[in-house]
Amino acid sequence: MGNADKVMGNFKGHALPGTFFFILGIWWTTKCILKYAFKKHKRTSYLDSKVLFHRVEILEGIIIAGMALTGMLGEQFIPGGPHLTLYDYKEGQWVQLLGWHHFTMYFFFGLLGVTNILCSTIRSLPASFTKLMLANALFVEGFVFYNHTHGREMLDIFVHKLLVLVIFLTGLIAFLELFILTNITVELLRISFFLLQGSWFWQIGFVLYPPSGGPAWDLVDHDNVMFLTICFCWHYAIAIIIIGAIYAFVTWLVKSRFKRFCPSEVGLLKNAEREQESEEEM
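Residues numbered from 1 in each chain as written. Predicted model: local features only at pLDDT ≥ 70, side-chain atom pairs only at ≥ 80, totals over all residues. Heavy atoms only, no water.

**Q** Is there a simple way to think about the overall build of the protein in this case?
**A** Helix and strand counts for the protein stand at eight helices and two strands. In the protein, the succession of helices and strands from N to C terminus is α-α-β-β-α-α-α-α-α-α. Taken across its 282 residues, the protein has 43% of its residues classed as buried. Taking all contacts inside the protein whose residues are at least 6 apart in sequence as the whole, residues at least 24 apart take part in 76%. Of the roughly 15,900 Å² of accessible surface on the protein, a fraction of 67% belongs to carbon and sulfur atoms. (Helix = DSSP H or I, 4+ residues; strand = E, 2+ residues; numbered from the N terminus. Buried < 20%, exposed > 50% of the residue type's maximum accessible area, 1.4 Å probe, protein only. Contact = heavy atoms within 4.5 Å. Areas by Shrake-Rupley, 256 points an atom, 1.4 Å probe, with all protein chains shown as cover.)

What follows is the structure, encoded as structure tokens:
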């Protein structure tokens, strides 16, 4: 039980970013699949959705910036937080540097939200700036958390190493998306790592700061490391299942609504899909 005193931070400090990343992952999955489903109806007179998605991008940027601002204020002004004080000259020491680590992570995702808004409202800005800022935010997050566990216990370091691994993988895929055409497979791969990152933040919170006075994990037990290795894979499996379920539901919803409002064009849609499949096979 004494291990709880050897870790720094709190449960809420990991549950909050975990919730943010998981919500973003769910939303990006839905948006990505909706775009793909609407694109398959492009050869028919299906209602054009470009204006809708343009407005959604602006709203998304506002929400991301709002989430980031909430996180920054939470890290600074929680009881015992640094309250915008980086160095205490009276005590001669730094103030709550781990909180400042989280603050820095939120700040760069806030820049992502602002970039999203600007690229959606200023036509002269290329849309690829948003993906570039996403990659930058992820690389900064990975760098921060790579240096987040100096002098801490084995299990604490291990769970954060797994987090850093998935962050850098997500950042690498986001960076590669700058050089390839829009591909739903690549997008969903990146989003799956985003969902994994969100759920793993929650797992770290439960391991290091058990809520409701639960039993603390032994931070030097190798069996716990072995279990969390398996647990990490389970988290990723859940992320894949979530994406698959959303894909099935969204595609079914779009097709059913299309059949309801445009029954005369269902045959044309099926023929277009068959032609597209034959072209891909060739």
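From this point on, the discussion continues.
**Q** Any chance you could explain unusual backbone geometry here in plain terms?
**A** It is generally the case that most residues other than glycine have a negative phi and that most peptide bonds are trans. Located in the positive-phi region is H83, a residue other than glycine, with phi close to 50 degrees. In this fold, H83 is placed in the loop between α2 (50-77) and β1 (87-88). Positive phi outside glycine occurs at L84, with the angle close to 65 degrees. As for its position among the elements, L84 is in the loop between α2 and β1. For L84, a relative accessible area of 54% translates into the label exposed.

**Q** Would you take a moment to explain the environment of E177 for this structure?
**A** Inspection of the secondary structure assignment puts E177 in the loop between α5 (154-176) and α6 (184-208). Along the sequence, E177 and E187 sit 10 residues apart, while their C-alpha atoms lie 8.1 Å from each other. Not counting residues within four places of it along the chain, the set of residues in contact with E177 comprises K131, V186, E187 and R190.

**Q** Would you explain the side chain of D156 in this entry?
**A** As for its placement among the helices and strands, D156 is situated in helix α5. For D156, a relative accessible area of 0% gives the class buried. Among the polar contacts listed, one links the side chain of D156 to the side chain of R152, at a separation of 2.7 Å. (Polar contact = N/O pair within 3.5 Å; in protein donor to acceptor, adjacent residues only side chain to side chain.)

**Q** I would appreciate a short explanation of empty space enclosed by the protein in the present structure.
**A** One water molecule sets the probe size; rolling that probe over the atoms shows where empty space is left. One pass over the structure, following the stated rule, counts two cavities of 30 Å³ or more. Lining the largest cavity are P17, F20, F21, L24, I64, M67, A68, M105, Y106 and F109. The set of elements that each furnish at least two residues to the lining of the largest cavity consists of α1 (11-40), α2 and α3 (97-121). The leading source of residues in the lining of the largest cavity is α1, at four residues. The residue inventory of the lining of the largest cavity, partitioned by class, reads 10 nonpolar, no polar and no charged. (1 Å grid on protein atoms, 1.4 Å probe; cavity = no way out; pocket = protein on both sides within 12 Å on 5 of 7 lines; lining within 4 Å. Points joined across faces, edges and corners; volume = space filled by probe spheres on them. Nonpolar A, V, L, I, M, F, W, Y, C, P; charged D, E, K, R; others polar.)

**Q** Looking at this structure, I do not really get the packing of α5 against α6. What am I missing?
**A** For any two helices packed against each other, one specifies the crossing angle of their axes together with the interaxial distance. Here α5 crosses α6 at 165 degrees, and the two axes come no closer than 9 Å. When the interaxial angle is binned, α5 and α6 end up roughly antiparallel. As α5 runs across α6, the sense of the crossing is left-handed. Across the interface between the two elements, L155, D156, V159, H160, L162, L163, V166, I167, L169, T170, I173 and A174 from α5 touch V186, L189, R190, F193, F194, L196, Q197, W200, F201, I204, V207 and L208 from α6. Grouping the constituent residues of the contact of α5 with α6 by class yields 19 nonpolar, three polar and two charged. (Axes fitted to C-alpha atoms, helices over the stretch in contact; angles between N-to-C directions. Parallel < 35°, antiparallel > 145°, perpendicular 65-115°, else oblique. Left-handed = near helix turned anticlockwise from the far one by under 90°.)

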